[in-house]
Amino acid sequence: MFVQSLVFTSNNIRTLTQLNALASMRRLDNLTISGDGNPVTKLSVWRPYVVFRLAHFSLKHINGSEVSSGSSRLVVVVVVVAAAAAVVMVVVVVVVIVVVVVVIVVVVVVVVVVVL
């Protein structure tokens, strides 16, 4: 027999990464994380994060609210798009840094040529 429901009350769950441990369970249908004593519930993204991180369980309820299969798929798509956007932002930052370095090198070379 596997655990089907978990209730966390005043466990001082503070970060989303602390919720990752739930992914190693064999089964989980219902998850309740009380807002009292679990600061993670103050984060607006905690519920979508749980849906994404525990998508392989097909959770039925989080804090008593039904989790639809459509919302699970939507959360996965949003996370994938957000990850892609983060990669694009990193690439843009790297390109900007390279351009700044090239401009600095060109300025230094011009100054050296003018001075000599």
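Rules and cut-offs
- Residues numbered from 1 in each chain as written.
- Predicted model: local features only at pLDDT ≥ 70, side-chain atom pairs only at ≥ 80, totals over all residues.
- Heavy atoms only, no water.
- Helix = DSSP H or I, 4+ residues; strand = E, 2+ residues; numbered from the N terminus.
- Buried < 20%, exposed > 50% of the residue type's maximum accessible area, 1.4 Å probe, protein only.
- Arc of directions from axis to C-beta.
- Pairing = 2+ DSSP bridges.
- Right-handed = clockwise from strand over helix to strand, strands pointing away.
- Core = buried A, V, L, I, M, F, W, Y, C linked by side-chain atoms within 4.5 Å.
- Contact = heavy atoms within 4.5 Å.

Engineer: Summarise unusual backbone geometry; cite the residues concerned and give the values.
Structural biologist: Of note, the phi angle at N12 is positive, near 60°, even though the residue is not glycine. Along the chain, N12 turns up in the loop between β1 (5–8) and β2 (30–33). When its relative accessible area of 37% is taken as the criterion, N12 is described as partly exposed. Positive phi outside glycine occurs at N63, with the angle close to 50°. Position of N63 among the secondary structure elements: in the loop between β3 (61–62) and β4 (65–66).

Engineer: Residue-level account of helix α1 (residues 46–53), with values.
Structural biologist: Because an α-helix packs 3.6 residues into every turn, residues spaced three or four apart end up facing the same way. When α1 is considered as a whole, its buried residues turn out to be W46, V50 and V51. What you see down the axis of α1 is that its buried residues fit within an arc of 140°, all on one side.

Engineer: Now, about the pairing of β2: what can you tell me, with residues and values included?
Structural biologist: The two faces of β2 differ: L31 and I33 on one face are buried, but N30 and T32 on the other face are not. Relative to β3, β2 runs parallel, the two sharing 2 bridges. Across the sheet, residue N30 finds its bridge partner in β3, namely H61. Chirality of the crossover, the property in question, places the unit of β2, α1 and β3 among those that are right-handed.

Engineer: Go over the nonpolar core, please, and point to the residues and values.
Structural biologist: Ranked by size, the top nonpolar core spans 18 residues in total, and within it L19, L31, I33, V50 and L54 carry the most contacts. Taken together, the elements giving at least two residues each to this core come down to β2 and α1. Ranked by residues supplied to this core, first place goes to α1 with 3 residues. Ignoring sequence-local partners within four residues, the contact set of L19 consists of I13, I33, V40, Y49 and V50.

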